[in-house]
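Given next are the chains, with one letter for each unit.
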Amino acid sequence: MSLTLFLVLMIVVVAFIFDFTNGFHDAANAVATAVATRAWSLNRALEMAAVMNFVGALIGTGVAETIGSGIVSPPQDNRGLVVVASGLLGAIIWNLITWWFGLPSSSSHALIGGLTGAGIAASVTVHWAVIGEKVVIPMFLSPMVGFVLAYVGMKIVLKAFERATYKKTMRGFRKLQLFSSAAIALGHGLQDAQKTMGVVVLALVAGGYHEGTSIPLWVKIGAAAAISLGTYTGGMRIMKTLGRNITAVDPARGFVAESVAASVLYTTAFLWHAPISTTHTVTSAVMGVGATKRRSAVRWGVAGNIVGGWFLTLPASAAFAMITFTILHAIM
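Calculation notes
Residues numbered from 1 in each chain as written. Predicted model: local features only at pLDDT ≥ 70, side-chain atom pairs only at ≥ 80, totals over all residues. Heavy atoms only, no water. Helix = DSSP H or I, 4+ residues; strand = E, 2+ residues; numbered from the N terminus. Rg over C-alpha atoms; globule rule 2.2 N^0.38 Å. Buried < 20%, exposed > 50% of the residue type's maximum accessible area, 1.4 Å probe, protein only. Contact = heavy atoms within 4.5 Å. Areas by Shrake-Rupley, 256 points an atom, 1.4 Å probe, with all protein chains shown as cover. Lys, Arg positive; Asp, Glu negative; His and termini not counted. Charge placed at Lys NZ, Arg CZ, Asp CG, Glu CD. Phe/Tyr/Trp six-rings, centres within 6.5 Å; stacked < 30°, edge-to-face > 60°. UniProt positions renumbered as here; feature names shortened; annotations may be inferred. Axes fitted to C-alpha atoms, helices over the stretch in contact; angles between N-to-C directions. Left-handed = near helix turned anticlockwise from the far one by under 90°. Nonpolar A, V, L, I, M, F, W, Y, C, P; charged D, E, K, R; others polar.

Tallying secondary structure elements over the protein chain gives 12 helices and 2 strands in all. Ordering the α and β elements of the protein chain from the N terminus gives α-α-α-β-α-α-β-α-α-α-α-α-α-α. For the protein chain, whose C-alpha radius of gyration is 20 Å, the value lies close to the compact-globule estimate of 20 Å for 332 residues. By principal-axis analysis of the C-alpha atoms, the protein chain measures approximately 70 × 35 × 35 Å. Within the protein chain, the fraction of its 332 residues that count as buried is 58%. Taking the contacts inside the protein chain whose residues are at least 6 apart along the sequence as the reference set, 88% of them involve residues at least 24 apart. Carbon and sulfur atoms make up 68% of the accessible area of the protein chain, which amounts to about 13,200 Å² in all. When the 22 basic and 11 acidic side-chain charges of the protein chain are each reduced to a single mean position, those positions are 19 Å apart.

This part takes up the environment of glutamate 133. Relative to the assigned elements, glutamate 133 resides in helix α6 (residues 128-160). Taking the relative accessible area as the measure of exposure, glutamate 133 reaches 41% and is therefore partly exposed. Spatially, the C-alpha atom of glutamate 133 lies 22 Å from that of alanine 319, the residues being 186 residues apart in sequence. Leaving out residues up to four positions away in the same chain, glutamate 133 has contacts with Pro138 and Trp272.

Enumeration according to the criterion identifies 2 aromatic pairs in this entry. Here the aromatic rings of phenylalanine 161 and phenylalanine 173 are separated by 5.3 Å at their centres, their planes lie at 70°, and the arrangement is edge-to-face. Residue phenylalanine 161 is found in the loop between α6 and α7 (166-206), and its partner phenylalanine 173 is found in helix α7; the two are separated by 12 residues along the sequence. Judged by its relative accessible area of 40%, phenylalanine 161 falls in the partly exposed class. On the basis of relative accessibility, which here comes to 5%, the residue phenylalanine 173 falls in the buried class. Among the aromatic residues, those joined into a cluster by ring pairs are Phe161, Phe173 and Phe255.

This part covers the UniProt feature "transmembrane region" (unreviewed entry) in the protein chain. When the UniProt feature table is mapped onto this chain, "transmembrane region" (unreviewed entry) is found at residues 81-103, 110-130, 136-158, 255-274 and 310-331. Secondary structure across residues 255-274 divides into 90% helix and 0% strand, with the first and last C-alpha atoms of the span separated by 24 Å.

This brings us to the packing of α6 against helix α11 (residues 278-290). At a minimum axis separation of 7 Å, α6 and α11 run at an interaxial angle of 35°. When you trace α6 past α11, the crossing you get is right-handed. Across the interface between the two elements, Met139, Ser142, Pro143, Gly146, Phe147, Ala150, Tyr151 and Met154 of α6 pack against His280, Thr281, Ser284, Ala285, Met287, Gly288 and Val289 of α11. Taken together, the residues of the contact of α6 with α11 break down into 9 nonpolar, 6 polar and no charged.

Have a look at this one:
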């Protein structure tokens with residue numbers, strides 16, 4: 001087996017491992033609020049999320065093409081493959097660190113930061129304009145939009161049901177959450193599994209085994225299966241943070257937060273082809289619905305720690321990727 005083929009196979013395996021960690025790291029995005037309001041039992045919620053992640057991964061390629069060609073342009077040789085592998089490993093390291101501390105950081109930004117850091121370390125072309133347009137702007141915009149829409153949407157719901165019986169209304173919204181949480185899981189697969197597909201294609205192109213930005217079917221199925229399996233394993237640490245530690249969520253607020261977040265995910269994936277963070281979008285929407293109670297209803301200290309993690313993700317994963325590239329490049 002040639003060194004090039006070995007590196008390509010290694011990257012494919014590592015990419016699917018990253019996809020798996022993405023699944024268990026971000027499972028809480030789809031199911032935390034629905035489990036907290038008892039719309040789903042934990043096991044049924046994870047089964048639903050795994051299935052919807054798999055389906056979502058197969059219904060679009062716009063985000064995958066952005067990742068596969070828009071972040072870095074590694075050379076088509078073994079050095080280019082080391083760049084891709086280092087970017088993946090940097091993202092995995094940061095995912096594991098934030099998972100351990102229960103912080104719902106962005107796997108998407110960890111991957112983009114990793115690729116960027118590896119590209120800088122290797123002195124290859126980094127597409128800063130694309131990163132600015134497709135990553136940095138959405139990084140700030142999507143949480144703001146999620147918060148505002150969730151806040152306004154919840155205010156409308158409160159006004160519309162102000163004379164309704166509380167228990168009957170909550171039962172109705174609990175049933176609606178079965179659909180809104182499924183919509184989040186579908187959007188998570190649509191966004192996050194595609195990023196792994198883009199990295200695999202990037203490796204195939206760098207190794208000379210593929211041309212263009214089209215996504216082979218086996219890559220789609222592999223990424224979809226990996227993220228679904230990861231989702232099914234749970235991610236209980238982050239689920240507790242998102243489901244209970246930010247704010248107390250009732251079924252109405254859970255439905256509104258999930259619906260708003262899913263809408264933002266679909267819009268950015270299909271119209272903008274932007275790899276936005278599912279974590280940022282869902283968390284900000286939960287904050288938005290919580291803020292309609294009163295300002296103190298949201299635990300802003302916990303929220304501040306989460307936001308701090310958001311800002312650390314790009315530079316931290318980039319730093320880990322740069323260190324990884326230095327080590328791998330010396331070995332290879």
